[in-house]
Amino acid sequence: MNYLALRRQTLTRNLRKDGGPDAALVTAPPNVTYLTGFTGEATHFVVTPKAAVVVTDPRYEAQVLDECPEVGRDGGIDLHVRPHTRTTLEASAEVLTKSGAKAVAVEAGRLTVAEFELLKGLAPKCTFVPVNDLVESQRAVKDQSEIQYIRDAVQVAERGFRMFAATIRETDTEKDMADALDNWLRRAGAKGMAFPPMVAVGDRGARPHLVPSDRPLSEGSKLLVDWGVDTAVGYKSDMTRTLRSPFGSAPTRRNKFERVGYELERVYEVVLAAQNAALAVIRDGVRARDVDTAARKVIEAAGYGEFFTHGLGHGIGLEVHEAPRVRQNSDDVLAAGMVITVEPGVYIPGEGDGPGWGGVRIEDDVLVTRDGCTLLTSLSRDLSVAGGGS
Ligand code: ZN
Ligand code: ZN
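These figures come from a predicted structure and were not determined experimentally.

Re the packing of helix α1 (residues 3–16) against helix α2 (residues 29–36)
Working step 1: The contact between α1 and α2 brings their axes to 7 Å, and the two run at 115 degrees. Contact residues: Leu4, Arg7, Arg8 and Leu11 in α1; Thr33, Tyr34, Leu35 and Thr36 in α2.
Working step 2: Across the contact of α1 with α2, the residue classes tally to four nonpolar, two polar and two charged.

Below, the structure written as C-alpha cells:
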C-alpha cells in the first residue's frame, strides 16, 4: 500500500471540502516528511490545483530522490530545485503563482508573521488562508507503516537502554550517564536522540525536566532516566524509568543530596498503579482527559495529588509531542491508531534550601485500539531494572 499517496489524498480531500482552498503550502519539516517521506530541512511541499511539488535546493536534491520514490514519476510528485540565489519561500511562491492557485492554505502554527507577510507580497495573485493543524490533525491517527516505525523506535530505545543500565558505574555523573546513554542508543540503531536524554540522581528527579549535572550516582539512592530516539525515517520514541541505585545506597540512607522521609517503594507503587489505571481505560472513543483523570485519582487517593504536576501524556510520532494531548484541559478524544505516552509522575521537592526527596515517573508508549490499547514498550517496569537488565 502506498501510505504516502493516501496521506496526500486525505489532505487534498480535507482541504477542498466545502469549497475550501484549492492549494496548500506545507513548510514544517515533520509535515513535509509525513506527506513525502523526505526527512531533511529547508524543503517545502506544495499542493497546487493540478499537481504536487517538492520545492528544495541543490543541497537536498539527491536526498529527496533517495527518500521519495514518487518524486519525478508520472502521477507522483514534481520536483522544483531552486537556484541558490533564491529562498525556498520565493520558489514556493513562484510555483503557486504559475499553477494559477487562487486560495492557498498555509500552516497557521508554523509560519512566522514575517514569512506570512513576505508570501503575500511574493504571490499577490494568491489568497493565503491560515489553517490550524492543517497536517497535524491528520497525523494524530497513525497508519500501519507509522505504527511499525514507532515500534522500531521503541525497540532501539530499549536495546540501548539495556546496555546503558548494565554498564553504569557508581562514579558516573548525570552528564556521564546521559552521554553513555546517547552513545548506546546510537549503537543500537538510533539516527539521533528524540531529545537530549535526561538523567537525574537523587532529589534532582524532583524536577520533571532538567539538564544533566556533575552529580555522581553515588550521591543518590535513585535515578530517573527519560530518553527517546529518532530513527532514519523520522519517527520517535519516548520513555522514562525510575530505578533504585544498584550501588547499595539504601533508600533510608541519609546522604548529602537526598532527604529521606518518603519510601521509594511506596511512591513507585502508587505511580505504577496510576499508570495501570490509565492503561485500563484507554480505548477508542474515550476522552483523553478521562484517561488523565483515571491516573490522577490513584495518585490523589494515595495523598500525592499535589505532586503530580503535569499532564498524563501526549501523542508521539514524527515529533516527540504531537496530537492528541492527554491532560485535564484536553478536548481530544482517543481514536484507534493514535499512539500516546502514558507518564504519571510524583515529584517531591525539598523544603527551603535543604535537600529534596526526588521524583518517580514511569513512561511508556501505547497504541490505542478499538477495544483497549497495546503497549509498544516491553522494558520491565521493575524498580530494580538497572544493573541486572531485563
Ligand atoms: Zn519522556
Ligand atoms: Zn513524554
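Overview of the coordination of the zinc ion (ligand 2)
Working step 1: For the zinc ion (ligand 2), every protein donor is listed as Asp238 (OD), His314 (NE2), Glu343 (OE) and Glu363 (OE), and the spread of their distances is 2.1 to 2.2 Å.
Working step 2: Coordination at the zinc ion (ligand 2) comes from four donor atoms whose angles at the metal span 79 to 153 degrees, giving a geometry best classed as irregular.
Working step 3: In the primary sequence, the donor residues of the zinc ion (ligand 2) line up as D-x75-H-x28-E-x19-E.
Working step 4: Separation of the zinc ion (ligand 2) from the zinc ion (ligand 1) amounts to 3.2 Å, with Asp238 serving as a shared donor to the pair. Of this pair, Asp238 sits in the loop between β10 (229–230) and β11 (239–244) while Glu343 sits in the loop between β14 (339–342) and β15 (345–348); the two residues are 105 residues apart in sequence, bridging distant segments of the chain. In this structure, Asp238 and Glu343 share a single accessibility class: buried.

Notes on the coordination of the zinc ion (ligand 1)
Working step 1: Here the zinc ion (ligand 1) is held by the protein donor atoms Asp226 (OD), Asp226 (OD), Asp238 (OD) and Glu363 (OE), which lie 2.0 to 2.6 Å from it.
Working step 2: Coordination at the zinc ion (ligand 1) is irregular: its four donor atoms span angles of 54 to 147 degrees at the metal.
Working step 3: For the zinc ion (ligand 1), the donor residues sit on a single chain with the sequence spacing D-x11-D-x124-E.

What about the domain arrangement of the protein chain?
Working step 1: In terms of domain boundaries, the protein chain breaks down into domain 1 (3–139) and domain 2 (144–385).
Working step 2: The C-alpha-based centres of domain 1 and domain 2 are spaced at 36 Å.
Working step 3: It is Tyr3, Thr39 and Arg139 that lose the most area in domain 1 upon contact with domain 2, and together they represent 52% of the buried surface on that side.
Working step 4: Linking domain 1 to domain 2 there are three salt bridges.
Working step 5: Salt-bridge contacts for Glu322 lead to Arg139; the nearest nitrogen and oxygen are separated by 2.6 Å.
Working step 6: Viewed at the interface, domain 2 and domain 1 are joined by four residue pairs in polar contact (both at pLDDT 80 or more).
Working step 7: Among the elements that line the side of domain 1 that touches domain 2, the one with the most residues is α2, at three residues.
Working step 8: Of the residues in the side of domain 1 that touches domain 2, the class split is three nonpolar, two polar and three charged.

Calculation criteria
Residues numbered from 1 in each chain as written. Chains lettered and ligands numbered in written order. Predicted model: local features only at pLDDT ≥ 70, side-chain atom pairs only at ≥ 80, totals over all residues. Heavy atoms only, no water. Axes fitted to C-alpha atoms, helices over the stretch in contact; angles between N-to-C directions. Helix = DSSP H or I, 4+ residues; strand = E, 2+ residues; numbered from the N terminus. Contact = heavy atoms within 4.5 Å. Nonpolar A, V, L, I, M, F, W, Y, C, P; charged D, E, K, R; others polar. Donors = N, O, S within 2.8 Å, 3.2 Å for Na, K, Ca; no water. Tetrahedral: all angles 85-135°; square planar, octahedral: opposite > 155°, others 65-115°. Buried < 20%, exposed > 50% of the residue type's maximum accessible area, 1.4 Å probe, protein only. Domains from an automatic or database assignment. Buried area = accessible area lost by both parts, 1.4 Å probe. Salt bridge = Lys/Arg side-chain N within 4 Å of Asp/Glu carboxyl O. Polar contact = N/O pair within 3.5 Å; in protein donor to acceptor, adjacent residues only side chain to side chain.

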